Amino acid sequence: MVAYQSGRLYPKLRRLEADGLLVSEQRVVDGRARRVYRATDAGEQALEEDRRALAELAREVLRW
């Protein structure tokens, strides 16, 4: 189970947006305002690079 700590999530989303990795827009869903995020092209590229690095780390750790 992942512990959810809202005090950490939204500052991180704002920082990723400031870094150009995410964009957001406000939408009304069921009568309530929601901020919806999506990855930019740079964000998709950064995610792919991180996935490759994580896969490499997993191979190294699990090799022993």
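Preceding this paragraph is the structure being described.
Criteria and cut-off values
Residues numbered from 1 in each chain as written. Predicted model: local features only at pLDDT ≥ 70, side-chain atom pairs only at ≥ 80, totals over all residues. Heavy atoms only, no water. Salt bridge = Lys/Arg side-chain N within 4 Å of Asp/Glu carboxyl O. Helix = DSSP H or I, 4+ residues; strand = E, 2+ residues; numbered from the N terminus. Pairing = 2+ DSSP bridges. Polar contact = N/O pair within 3.5 Å; in protein donor to acceptor, adjacent residues only side chain to side chain. Contact = heavy atoms within 4.5 Å.

This brings us to the pattern of salt bridges. Enumeration according to the criterion identifies three salt bridges in this entry. The salt bridge involving glutamate 25 is made with arginine 27; its shortest N-O contact spans 3.2 Å.

The next point concerns unusual backbone geometry. Despite not being glycine, aspartate 30 has its phi angle at roughly 50 degrees, a positive value. Within the secondary structure layout, aspartate 30 lies in the loop between β1 (22-29) and β2 (32-39).

This part takes up the pairing of β2. Pairing between β1 and β2: eight bridges, direction antiparallel. Across the sheet, residue arginine 27 finds its bridge partner in β2, namely arginine 34. If you look at the hairpin formed by β1 and β2, you'll find two residues sitting between the two strands, and aspartate 30 has a positive phi there, around 50 degrees.

So, about the side chain of threonine 40. Here threonine 40 shows up in the loop between β2 and α2 (41-62). A distance of 2.7 Å separates a polar side-chain atom of threonine 40 from the backbone oxygen of glycine 20. There is a polar contact of 3.0 Å between the side chain of threonine 40 and the backbone nitrogen of glycine 43. For threonine 40, the contacting residues outside a window of four places in its chain are Gly20, Leu21, Leu22 and Val23.

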